[in-house]
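Residue-level structural notes
Chain by chain, the residues:
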Amino acid sequence: MARMTMIEAIRSAMDVSMERDPNVVVFGEDVGFFGGVFRCTAGLQKKYGASRCFDAPISECGIVGAAIGMAAYGLRPCVEIQFADYMYPAYDQIVSEAARLRHRSAGDFTCPMVIRMPTGGGIFGGETHSQSPEALFTHVAGLMTVVPSNPYDAKGLLISAIESPDPIIFLEPKRLYNGPFDGHHDRPVTAWSKHELGETPEGHYTIPLGKAALRREGQAVTVITYGSMVYAALAAAEETGVDAEVIDLRTLVPLDLETIVASVAKTGRCLVLHEATLTSGFGAELAAVVQEHCFYHLEAPILRVAGWDTPYPHAQEWAYYPGPARVGAALRELTEAA
Amino acid sequence: MSEPLRFHVPEPASRPGGKPDFSGVVIPEAGSVDRPPVDVDPTEIRDLAFSIIRVLDRDGQAVGPWAPDLSNEEIVRGLRHMMTLRAFDARMMMAQRQGKTSFYMQHTGEEAVACAFRVALSPGDMNFPTYRQAGLLIADNYPLVDMMCQIFSNERDPLKGRQLPIMYSSKAHGFFSISGNLTTQFLQAVGWAMGSAIKGDDKIAVGWVGDGATAESDFHAALVFASTYKAPVVLNVVNNQWAISTFQGIAAGGSGTFAARGLGFGIPALRVDGNDYLAVYSVAKWAIERARCNLGPTLVEYVTYRAGAHSTSDDPSAYRPKAESEGWPLGDPVLRLKDHLIAIGAWSAERHVQAETEIMAEVVAAQKEAEQHGTLHAGGKPSTRDIFEDVYAEPPPHLRRQRQQIGI
C-alpha cells in the first residue's frame, strides 16, 4: 500500500493496465512526452514507448474518432480530453458512434474504450475549465458514466473501466486531485497523504462499476451525491449535526438503485446534491427514481442542491460552488419538515 | 470609396428547365496522366490532384500507364459485380415502392467505384463505408439474401431490425457498420489504421465519404491524424456532384477539387474517373500499396455522377435538369466496361443480354428467399427483446427492468 494523490492513483491505474495488456494505449493533448497538463500520464511514454502513449493534435473529435477505430480494431484505448469543457467537438463521435456501435452492428463491432476528462470547478477556471457535463452522458444509451471521489476508488474504477467491454466516460473531479476539498475554500485542504482513502494498493485491483459506497452512515437524511460534493456533504453533516447518510454513487450509469432505496427507506428524507447545473441535471433523474421507488417512505419533499443555472463564473466562483453552507441549510430544511 | 461588400452563394451551372452544362468539368484524354512510383515525393505529384486519371478511351481500349494488369476473366467478373448491383438496386427500389421496406438508396452511375476498389483489397482490410458502397459487399460475394434481409428488417436480418435499411455491417467482409451521421467514420478508419500500425499488423483501412460531407470538421481531423501518424489508410472521396439537392460547389467552395484538400496536409492526392472500372482499380491498387508499404495515407477523389435520386425519399427533378445525367461526360460505368470487353473480344452483346438475364434471375431468387423470412410489415420479424440486447455487453439493471415492463 502507498499513499497516493488522485493523480498518482489514476496514473497507476493506466500503468498497471498497460503493463498487463499490450492492447491498452493512451493518448490525448499533451499526454505523451509531457505527461498531461495535470500529470496523469507522466512517465507512461518513457515506460511503454511512443506507440502506446502519445500526443494528439488539438482535435477532440479526432481523438475520440480515432480511438473508436482503434477499439473496433481490437485495442483498448484510454484517451484524455484535457478538460470536460472541451468535449463538445467529440460529442457526435461519443453519442452517435461509440455508444451505439455494438447495438447497431448486433455485436459485430464493439467499442471498449475509456474517455477520461477532468471535470468540475473550484480552481478559478472560469466557464471553460469548470463544467460538469455528466448529464449529457447519462442521457445516452450505451455509455457508462463514472465519477470517482478519491484515489482508492479512482484507481479501482479506472482499471474496471479499461477492462470493460463497453465505452466508459470517466469524469475526474479536478478539485479533488490533490485532496478531499469540502468547499471551505478559505481553509487549507487535507492532502490525500493524510486521508485514509489516499491509501492505494500499488498493484492491480478493481472496483465494480455500478456499485455505490456509503461515506457516512446516518439515520436522519439520505444525501445522494458523487464526486466533489461528497466532501461538501460530509462537512455539512458535521457542521449542522444532522445525522446524514452520505451515498457516493461512484457510477451514475448503471445506477446502484438498491443502495439508494435501502437508505431512503430508512431515513425517509432525501437530498440530491451535485455541482452541475440544476435543470435537467442528473439530480432530476435521482429525484424521480427516489419518488418512484420510495414514495411511501418519504416524510418530506426531496430537495436538490446544485450549481445555479448559469454559466460557471470566474470571480464569483464561491457564490456558485454548492458548498457546505448551502448543503447544511438544505439538511436543516429537510429535518425540520413535518 | 470602395463598393459595398458582396455576399457570394455558389450556384450550379444549370437548374430544372435548363440544359445540362458540364463545361466546367475538364476531362483529360484517357492514358494522358503519368503513373508515378508509389514512393514518389508527394510534392512532385501535386498536379494529380487537379487532373483525372483515365484508362478507357472512347473506343473502349485500355490505354496509358494506369491500364491495370487484369485478366479478361477478372474484368468480366467486375462487370458482373456492377450488373449485379444494378439489378439489386432495381429490385430493391421496387420493393420499397411496394411497401416491403421503408427506405432504399441506389448506386446508379456509381457502381464502378466500390466494385473496383473492393477487388484491390486483401482479406482482413477494413472499409468504413458510407451509404452508397454496397458494391463493396457484392464484389466480396456477401450473400445477397443477407443484404435483403437487412433491408426488409425481417427475422433473418443480421442486424436484428435495429438499423435503417442499407446500413449493413459485416466484419467478416471488411465492411464496418455504417453510420447515418456523415464523416464520423472517416476518422474511425484512420484510427483503425493507426491500431493496425501500433500492433505491427499488415492490414490497412479505407475511409469513404461523399463530396458534400467533406465539409464536416471530422474530414479535416481525419486528414490531420492520417498525416501526423502516417496511418496506413486510403481516404476516398466519392464526388458524385450532388449532396441531396446541394451541388458540389457548396462544399468545395473555391478549392477547385476535393483531392486538393489533401495537399495542405502533405497527403498525396489523386483524382480518378469514377466511371472507369479499370482506372478505379488501378488507382486503388496504387493507394493500397502505399498504405501497406508504410508510405502513409493517400486521398483519392472519384469523379462520378449520381444518376439516380439521393434516396427513395428524394426527387432530383426539383433541383437539377431532368436530363442532366445523360449529359454527364464520363458516361455509364457498366456500358463503358461492357464496350471495353467487346472491343478486346472477350464479350459480346449477346453474352451481355444473357448475363443480364442470369443476374436478374439470381437477384429475384435471392429476394424470394429473403421474403420468406418476412418484410418490414409482413411475416417474420426480429424479436422485441432485440431492442434491449447489445446496448451494453450485459444488460444493466435498468434495462432489465425496462425489458420486463414491455413484457419480456
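Residues numbered from 1 in each chain as written. Chains lettered and ligands numbered in written order. Predicted model: local features only at pLDDT ≥ 70, side-chain atom pairs only at ≥ 80, totals over all residues.

Remarks on the sheet that holds strand E13 (residues 270-277) of chain A
Residues and elements named next belong to chain A. Strand order in the open sheet made by the five strands is E9-E11-E10-E13-E14, with mixed pairing throughout. With one partner strand each, in any of the chains shown, strand E9 (213-216) and strand E14 (303-307) form the two edges of the open sheet. Adjacent strand axes in the sheet meet at a mean angle of 25 degrees, parallel and antiparallel pairs treated alike. Note: strand E10 (residues 221-225) against strand E11 (residues 244-248), five bridges, orientation parallel. When the sheet's bridge partners are listed, Thr222 is paired in E11 with Glu245. Packing against the sheet, helix H10 (residues 282-294) makes contact with E10, E13 and E14, and its axis sits at approximately 160 degrees to E13. (Pairing = 2+ DSSP bridges. Helix = DSSP H or I, 4+ residues; strand = E, 2+ residues; numbered from the N terminus. Axes fitted to C-alpha atoms, helices over the stretch in contact; angles between N-to-C directions. Contact = placed C-beta atoms within 7 Å.)

Quick look at the pairing of strand E5 (residues 114-119) of chain A
Residue and element names in this part refer to chain A. Here E5 lies mainly inside the structure; six of its six residues are buried. Of the two faces of E5, the one carrying Val114, Arg116 and Pro118 and the one carrying Ile115, Met117 and Thr119 are both buried. When strand E4 (residues 76-80) meets E5, the two strands line up parallel, connected through three bridges. Directly across from Val79, in E5, lies its bridge partner Ile115. (Buried ≥ 20, exposed ≤ 12 C-beta atoms within 10 Å, placed from the backbone.)

Things to note about the domain arrangement of chain A
Residues and elements named next belong to chain A. When its domains are assigned, chain A resolves into domain 1 (2-200) and domain 2 (213-336). Once you take the C-alpha centre of each, domain 1 and domain 2 turn out to be 25 Å apart. Counting only elements with at least two residues in the side of domain 1 that touches domain 2, the list comes to helix H6 (134-138), strand E6 (144-146), helix H7 (151-163) and strand E7 (168-173). Here the residues of the side of domain 1 that touches domain 2 sort into 13 nonpolar, 13 polar and five charged. (Domains from an automatic or database assignment. Nonpolar A, V, L, I, M, F, W, Y, C, P; charged D, E, K, R; others polar.)

Structural notes on the environment of A:Ser17
Residue and element names in this part refer to chain A. With respect to the helices and strands, the residue Ser17 is situated in helix H1 (residues 6-20). For Ser17, a count of 21 C-beta atoms within 10 Å corresponds to the buried category. Contact partners of Ser17, with chain neighbours within four places excluded, come to Val24, Ile159 and Ile162.

Digging into the interface of chain B and chain A
The interface is formed by 36 residues belonging to chain B together with 38 residues belonging to chain A. Mapped by element, the contributors of at least two residues to the side of chain B that touches chain A are helix H5 (184-198), helix H6 (217-228) and helix H11 (397-405) of chain B. For the side of chain B that touches chain A, the element with the highest residue contribution is H5(B), accounting for 11 residues. Residue classes in the side of chain B that touches chain A are distributed as 17 nonpolar, 14 polar and five charged.

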